[in-house]
Amino acid sequence: MSGIRVMTYDSTDWAGGGLTKSWFAGGKLYKLFRALDVVKPVSSWREAFDWLNTVEADKKIDMWQFWGHGGPAKIYVNGETIGQKTLSPNNEFYDDLLTLRDRLHPNSLVWFRSCEVFNGPSGKKFAKDLADFLGCRVAAHTFIVGPFQSGLHSVRPGQGPSWPDSEGRDASGKGKVSMPWYTNTVTCVTGNVPKGW
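Residues numbered from 1 in each chain as written. Predicted model: local features only at pLDDT ≥ 70, side-chain atom pairs only at ≥ 80, totals over all residues. Heavy atoms only, no water.

Undergrad: Can you break down the sheet that holds strand E6 (residues 80-83) residue by residue, with the values?
TA: Pairing within the open sheet is antiparallel, and its three strands lie in the order E4-E5-E6. Of all strands in the sheet, those with a lone pairing partner are strand E4 (70-71) and E6, marking the two edges. Alignment of E4 against strand E5 (residues 74-77), held across two bridges, turns out to be antiparallel. The residue bridging Gly70 from the neighbouring strand is Ile75, located in E5. Helix-sheet contacts for helix H2 (residues 45-52) involve E5 and E6, and the interaxial angle to E6 is about 55 degrees. (Pairing = 2+ DSSP bridges. Helix = DSSP H or I, 4+ residues; strand = E, 2+ residues; numbered from the N terminus. Contact = heavy atoms within 4.5 Å. Axes fitted to C-alpha atoms, helices over the stretch in contact; angles between N-to-C directions.)

Undergrad: Just give me the short version of a nonpolar patch on the surface, but keep the residues and values in it.
TA: A grouping of Leu29, Leu32, Phe33 and Val189 is seen on the molecular surface, where their side chains present a nonpolar patch of about 430 Å² in accessible area. The residue Phe33 is located in the loop between helix H1 (19-32) and strand E2 (38-42) in this model. Taking the relative accessible area as the measure of exposure, Phe33 reaches 63% and is therefore exposed. (Patch = residues over 30% accessible without salt bridge, like charges linked within 9 Å, V, L, I, M, F, W, Y side chains within 5 Å. Areas by Shrake-Rupley, 256 points an atom, 1.4 Å probe, with all protein chains shown as cover. Salt bridge = Lys/Arg side-chain N within 4 Å of Asp/Glu carboxyl O. Buried < 20%, exposed > 50% of the residue type's maximum accessible area, 1.4 Å probe, protein only.)

Undergrad: Requested: an account of the pairing of E5, with residues and values cited.
TA: It is a general feature of regular strands that their side chains alternate between the two faces of the sheet. Taking the residues that link successive antiparallel strands as the turn, the E4-E5 hairpin has two residues, and the phi of Ala73 there is positive, at about 60 degrees. Of the pairings in the sheet, the one linking E5 to E6 comprises four bridges and is antiparallel in character. From the neighbouring strand, Ile75 faces E6, where its bridge partner is Ile82. Turn length for the E5-E6 hairpin, with the two strands adjacent in sequence and antiparallel, is two residues, and the turn residue Asn78 shows positive phi of about 55 degrees.

Undergrad: Which residues make up the nonpolar core, and what values do they have?
TA: Membership of the largest hydrophobic core comes to 38 residues, with the highest contact counts inside it found for Trp45, Trp64, Phe112 and Leu134. Per-element accounting of this core gives the leading share, six residues, to helix H4 (residues 120-134). Not counting the four nearest positions on each side in its chain, Leu134 is found in contact with Leu97, Arg101, Leu104 and Val110. Residues Trp111, Leu152, Val186 and Val193 belong to the second largest nonpolar core, which totals 13 residues. (Core = buried A, V, L, I, M, F, W, Y, C linked by side-chain atoms within 4.5 Å.)

Undergrad: Kindly report on the packing of H2 against helix H3 (residues 94-103), identifying the contributing residues and their values.
TA: At a minimum axis distance of 10 Å, the contact between H2 and H3 shows a crossing angle of 30 degrees. As far as their axial angle goes, H3 and H2 are roughly parallel. In this structure, H2 crosses over H3, and the sense of that crossing is left-handed. Between H2 and H3, the contacting residues are Arg46, Phe49, Asp50 and Leu52 on the first element and Asp96, Leu97, Leu100 and Arg103 on the second. (Parallel < 35°, antiparallel > 145°, perpendicular 65-115°, else oblique. Left-handed = near helix turned anticlockwise from the far one by under 90°.)

Undergrad: Tell me about the environment of Asp58, and name the residues and values.
TA: For Asp58, the location among the structural elements is in the loop between H2 and strand E3 (61-67). Sequence separation between Asp58 and Arg103 is 45 residues; the distance between their C-alpha atoms is 9.1 Å.

Undergrad: For the environment of Asn192, give the residues involved together with the corresponding values.
TA: Among the secondary structure elements, Asn192 is positioned in the segment after strand E11 (186-187). Sequence-wise, Asn192 and Gly68 are 124 residues apart; in three dimensions their C-alpha atoms are separated by 17 Å. The contact partners of Asn192, leaving out residues within four places of it in the chain, are Met63 and Trp111.

In structure tokens, the structure reads:
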């Protein structure tokens, strides 16, 4: 790979909890250890896509990590959602995804380091559809993430998700917080998706 590794994160703290400070620190740490080339705080999906589609425009994107809040088949910036509907031609960000797709290559990785994005049937459908649409590997989590990030899975184009619908939920259907002993757990300082995940 000879492209760039980029990260965007939600800079707004719209949901409270002060996680933006953690995402800021994570971006600084990753740049310090050269796990990422460029980090951009964003306050809207419009800002995120405008930046992703123009930063070092002469290069492909080898990896894009997004750090922010999420839910099953949803990723948020300042409370604004992208997800399954974004893959429809009538969505306002559809053309942005097409432009992003042109900057990716088959060995690129798009990784949403957000809570529960691949959780349940809707998360699994989103995983498959997004990988097929972007033409590269996509990764996200089935559990609520924090310093530990459990339920990390990735899907390649033409590949179906293999994890159970119930992963990341307790018997009552409530989301589980990541712990070291849960399946496919990495930490917030893990820079790559392990092989086979």
